[in-house]
Amino acid sequence: MEAKVIRWGNDLAVRLSSMEAEELGIREGETVEIVSKGRPEVEPKQWTGRRYVDGLPVYTMAEMIAEARRLGPEAEPESVDWGPDRGSEIIDDANDPY
């Protein structure tokens with residue numbers, strides 16, 4: 001859906017018809033996010049098609065493991081021994097219905 005930016009006094013506004021607002025589920029007073037179609041940012045080639053959350057790339061487990069192997073064993077985090085499992089941490093896989 002596209003909407004035109006109009007001047008409203010000294011401000012700019014995006015005007016939606018009541019039908020468009022209903023279709024989008026927008027009510028008066030709600031805050032919406034607007035993304036400009038002008039001048040797109042050039043995405044680095046290695047990030048093409050990547051999923052983003054809050055503007056940050058989401059890496060796959062395979063990518064994270066490959067990076068850890070590239071950095072070598074000195075970059076590997078320490079293992080932490082938390083002791084034996086207790087209470088709900090204990091899993092009986094034999095009776096697991098899933």
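Look up a bit, the structure's there.
No experiment lies behind these values; they were computed from the predicted model shown.

Things to note about the overall build of the protein chain
Right, on to step 1. Helices and strands together make up the secondary structure of the protein chain, namely 2 helices and 4 strands.
Right, on to step 2. Traced from its N-terminal end to its C-terminal end, the protein chain shows the element sequence β-β-α-β-β-α.
Right, on to step 3. Out of the 98 residues belonging to the protein chain, those deemed buried represent 5%.
Right, on to step 4. Long-range contacts, defined as pairs at least 24 residues apart, comprise 3% of the intrachain contacts of the protein chain with a sequence gap of at least 6.
Right, on to step 5. Counting every atom, the protein chain has about 10,400 Å² of accessible surface; 53% of that belongs to carbon and sulfur.

Focus: the pairing of strand S2 (residues 11–14)
Right, on to step 1. Judged from the 4 bridges that link them, strand S1 (residues 5–8) and S2 form a sheet pairing that is antiparallel. When the sheet's bridge partners are listed, Val 5 is paired in S2 with Val 14.
Right, on to step 2. Once S1 ends, the chain turns through 2 residues before running back antiparallel as S2, passing Gly 9 with a positive phi of about 70°.

Here we look at the pattern of salt bridges
Right, on to step 1. Per the counting criterion, the structure on display carries 1 salt bridge.
Right, on to step 2. The residue Arg 70 makes a salt bridge to Glu 67 at a minimum N-O spacing of 2.6 Å. With a gap of 3 residues between them, Arg 70 and Glu 67 both fall in helix H2 (residues 61–71), about one helical turn apart.
Right, on to step 3. The exposed category is assigned to Arg 70, whose relative accessible area is 59%.

Observations concerning the environment of Met 1
Right, on to step 1. Along the chain, the position of Met 1 falls in the segment before S1.
Right, on to step 2. Classification of Met 1 as exposed rests on a relative accessible area of 56%.
Right, on to step 3. When the C-alpha positions of Met 1 and Glu 20 are compared, they lie 8.6 Å apart, and in sequence the two are 19 residues distant.
Right, on to step 4. Not counting residues up to four positions away in its chain, the partners in contact with Met 1 are Leu 16, Glu 20, Glu 23 and Leu 24.

As for the environment of Lys 4
Right, on to step 1. Note on placement: Lys 4 falls in the segment before S1.
Right, on to step 2. As for Lys 4 and Leu 16, which are separated by 12 residues in sequence, their C-alpha atoms are 8.5 Å apart.
Right, on to step 3. Those residues in contact with Lys 4 that lie beyond four places of it in its chain are Ala 13, Val 14 and Arg 15.

Quick notes on a nonpolar patch on the surface
Right, on to step 1. Taken together, Met 1, Val 5, Leu 12, Val 14, Leu 16, Leu 24, Val 32 and Ile 34 make up a surface patch of nonpolar side chains, about 770 Å² in accessible area.
Right, on to step 2. With respect to the helices and strands, the residue Ile 34 is situated in the loop between helix H1 (18–24) and strand S3 (52–53).
Right, on to step 3. Take Ile 34: its relative accessible area is 65%, and that puts it in the exposed class.

Each value, and the rule that gives it
- Residues numbered from 1 in each chain as written.
- Predicted model: local features only at pLDDT ≥ 70, side-chain atom pairs only at ≥ 80, totals over all residues.
- Heavy atoms only, no water.
- Helix = DSSP H or I, 4+ residues; strand = E, 2+ residues; numbered from the N terminus.
- Buried < 20%, exposed > 50% of the residue type's maximum accessible area, 1.4 Å probe, protein only.
- Contact = heavy atoms within 4.5 Å.
- Areas by Shrake-Rupley, 256 points an atom, 1.4 Å probe, with all protein chains shown as cover.
- Pairing = 2+ DSSP bridges.
- Salt bridge = Lys/Arg side-chain N within 4 Å of Asp/Glu carboxyl O.
- Patch = residues over 30% accessible without salt bridge, like charges linked within 9 Å, V, L, I, M, F, W, Y side chains within 5 Å.

Honestly, it's all geometry; don't read function into it.
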